[in-house]
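# Structural features, examined
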Amino acid sequence: MKIRVGQGYDVHQWVAGRPCRLGGILIPSDHGPLGHSDADIVCHVLCDALLGAANMRNIGFHFSDKDPVWKGVASTVLLQKVMEMIREAGWELGNADVTVILDQPKLNEHIPAMKVNLALVMGIGEDQISIKATTSEGMGFVGRGEGISAMAVALIQQLK
Ligand code: MG
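Analysis parameters
- Each residue is numbered by its place in its chain's sequence as written, counting from 1.
- Side-chain atom pairs in this predicted model are given and counted only at pLDDT of 80 or more, local residue features only at pLDDT of at least 70, and totals for whole chains, interfaces and linings cover all residues.
- By convention in this description, side-chain values take in all heavy atoms of the structure and omit both hydrogens and water.
- Burial classes follow relative accessibility: with a 1.4 Å probe on protein chains only, a residue under 20% of its type's maximum area counts as buried, one over 50% as exposed, and anything between as partly exposed.
- Under the scheme used here, helices are H or I runs from DSSP no shorter than 4 residues and strands are E runs no shorter than 2 residues, and both carry numbers assigned from the N terminus.
- Strands are labelled as partners when DSSP assigns at least two bridges between them.
- All axes are obtained by fitting lines to C-alpha atoms, using only the stretch in contact for helices, and the reported angles, taken between N-to-C directions, cover 0 to 180 degrees.
- We call two residues in contact when some of their heavy atoms are within 4.5 Å.
- Any cysteine sulfur atom paired with another within 2.5 Å is treated as part of a disulfide.

### Considering the pairing of strand β5 (residues 92–101)
On a regular strand, one side chain projects to one face of the sheet and the next to the other, so that they alternate. Burial within β5 is extensive, with 7 of its 10 residues counted as buried. By the bridge criterion, 9 bridges tie β5 to strand β7 (residues 147–158) in an arrangement that is antiparallel. Bridge pairing in β7 links Leu93 to Ile156. Where β5 lies against strand β6 (residues 129–134), 6 bridges are found, and the strand directions are parallel. Bridging from a neighbouring strand, Thr99 pairs with Lys132 of β6.

Okay, structure coming up:
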C-alpha cells in the first residue's frame, strides 16, 4: 500500500463586516477573512494538504485568483473538486488534521458542525477529520487582530 502525506498553510487578512465562513460554517463575527473566493481558510489548507500529498501542485494552480470563475465561490466547492481530483488519481484520504490560529471569534463551539459539514463535503467519515483552534497569545499579526492563519496535514493512501 502506498501512503503519502501533505501539508497546507494559509493566511488571510481580516476585514470588518465580511462574513466569516470556516469549514463551510458561517461563524458569528464582526469580521471575516478577505479573499477572491469566500476565503474559507480551513477549506484552503485542506485543499493544499491533499494536493501536496498527491504531488498535484496547489490550490492557486488549479483555481487561480485571477480567474473570474472562482470569484466569491464557496471554498467547499473547491475542496469537493480537489477530493474528486485525488480520487481520480487513485488516492483516498486516510485522515486530515487542521489547526486554525486566531484570537477572535472563538471556534470551539463550532468545531463539531464544521466536522459534520466537511465530512459531507469530502465524502469521508467524521473520524477522518480533526479541527483544532489555538491563539497566538496576543503576538504577531494574529494577536493584533489583523489576520487568521491555518495549517493542515493530510495522509492519503493508494490501495493498489
Ligand atoms: Mg487562502
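Next, the rest of the story.
### A word on the sheet that holds strand β1 (residues 2–16)
In any sheet, the strands associate via hydrogen bonds between backbone groups, in a parallel or an antiparallel arrangement. Spatially, the 5 strands line up as an open sheet ordered β4-β1-β7-β5-β6, and their pairing is mixed. Sheet topology places β4 (31–33) and β6 at the edges, where each strand pairs with a single neighbour. The mean inter-strand angle of the sheet, taken between neighbouring strand axes irrespective of direction, is 20°. The strands touched by helix α1 (residues 41–53) within the sheet are β1, β5, β6 and β7, with β1 carrying the most contacts at an inclination of about 155°.

### Considerations on unusual backbone geometry
Pro105 follows Gln104 through a cis peptide bond whose omega is -5°. Note that Pro105 resides in the loop between β5 and α4 (111–122). Phi is positive for Asn55, which is not a glycine, with a value near 55°. Mapped onto the secondary structure, Asn55 falls in the loop between α1 and α2 (59–62). A positive phi angle, near 55°, is found at Glu137, a position not held by glycine. Of note, Glu137 is situated in the loop between β6 and α5 (140–143). The exposure class assigned to Glu137 is exposed, which follows from its relative accessible area of 67%.

### Notes on the state of the cysteines
With the rule as written, the count across this model stands at 0 disulfides. Counting only cysteine sulfurs, Cys43 is the nearest neighbor of Cys20, a cysteine outside any disulfide, at a range of 12 Å. For Cys20, a relative accessible area of 1% gives the class buried. Judged by relative accessible area, which is 0%, Cys43 ranks as buried.

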